[in-house]
Amino acid sequence: QVQLVESGGGLVQAGGSLRLSCAASGNIFSINFMDWYRQAPGKQRDLVAAITNDGSTNYADNVKGRFTISRDNAKNTVYLQMNSLKSEDTAIYYCHADYRGRLGVRTSSWGQGTQVTVSS
């Protein structure tokens, strides 16, 4: 049983920075990857960044070069460092994990989301 808890969202001016954190807890056998999604009002939930178990990363084109995803494996925590924020980055950001839990069953879990608002 895995729970993801996000933190670090808030209000920031355009050009500023925020760091989001997501701590995973529970019965995790292995993590395949963790990633961040975001969803703006009236929009679908889109992938922002992902990091695999070996540390490889992928980014959405519209955040590449500005955002950095990282992990602290000892803490089962994933981070999203967001720099040079734009008003278009305003959204609820959701942490997501793809993992194998008990009995080796592949499962995914979502966090509750944290609001990021960029003022311009």
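It should be emphasised that the depicted structure is a prediction, and the values quoted were computed from it without experimental measurement. (Residues numbered from 1 in each chain as written. Predicted model: local features only at pLDDT ≥ 70, side-chain atom pairs only at ≥ 80, totals over all residues. Heavy atoms only, no water.)

## Digging into the environment of T77
Defined as follows: By definition, any uninterrupted DSSP run of H or I lasting at least four residues is a helix, any uninterrupted run of E lasting at least two residues is a strand, and each is numbered from the N terminus. Note on contacts: a residue pair qualifies if any of its non-hydrogen atoms lie within 4.5 Å across the two residues. Polar contact is the term for a pair of N or O atoms within 3.5 Å; when the atoms are in protein, one must be able to donate a hydrogen and the other to accept it, and sequence-neighboring residues count only if both atoms are side-chain atoms.
The topology assignment puts T77 in strand β8 (residues 77-82). The spacing of T77 and V5 is 72 residues in sequence and 9.4 Å in space, taken between C-alpha atoms. What T77 contacts, discounting residues up to four positions off in sequence, is C22, A23, S70, R71 and D72. Within the local environment of T77, its side chain forms a polar contact with the backbone oxygen of K75, the two atoms lying 3.0 Å apart.

## Overview of the sheet that holds β8
For clarity, the threshold we go by: Strands are labelled as partners when DSSP assigns at least two bridges between them. For helices, the fitted axis covers only the stretch in contact; all axes are lines through C-alpha atoms, and the angles between them, taken along N-to-C directions, range from 0 to 180 degrees.
With antiparallel pairing, 4 strands are arranged side by side in an open sheet as β1-β3-β8-β7. Edge positions in the open sheet fall to β1 (2-7) and β7 (67-72), since each of these has one partner strand only. In this sheet, neighbouring strand axes are inclined to one another by 15° on average, regardless of whether the strands run parallel or antiparallel. Here 6 bridges tie β1 to strand β3 (residues 18-26), and the two strands are oriented antiparallel to one another. Bridge pairing in β3 links L4 to A24.

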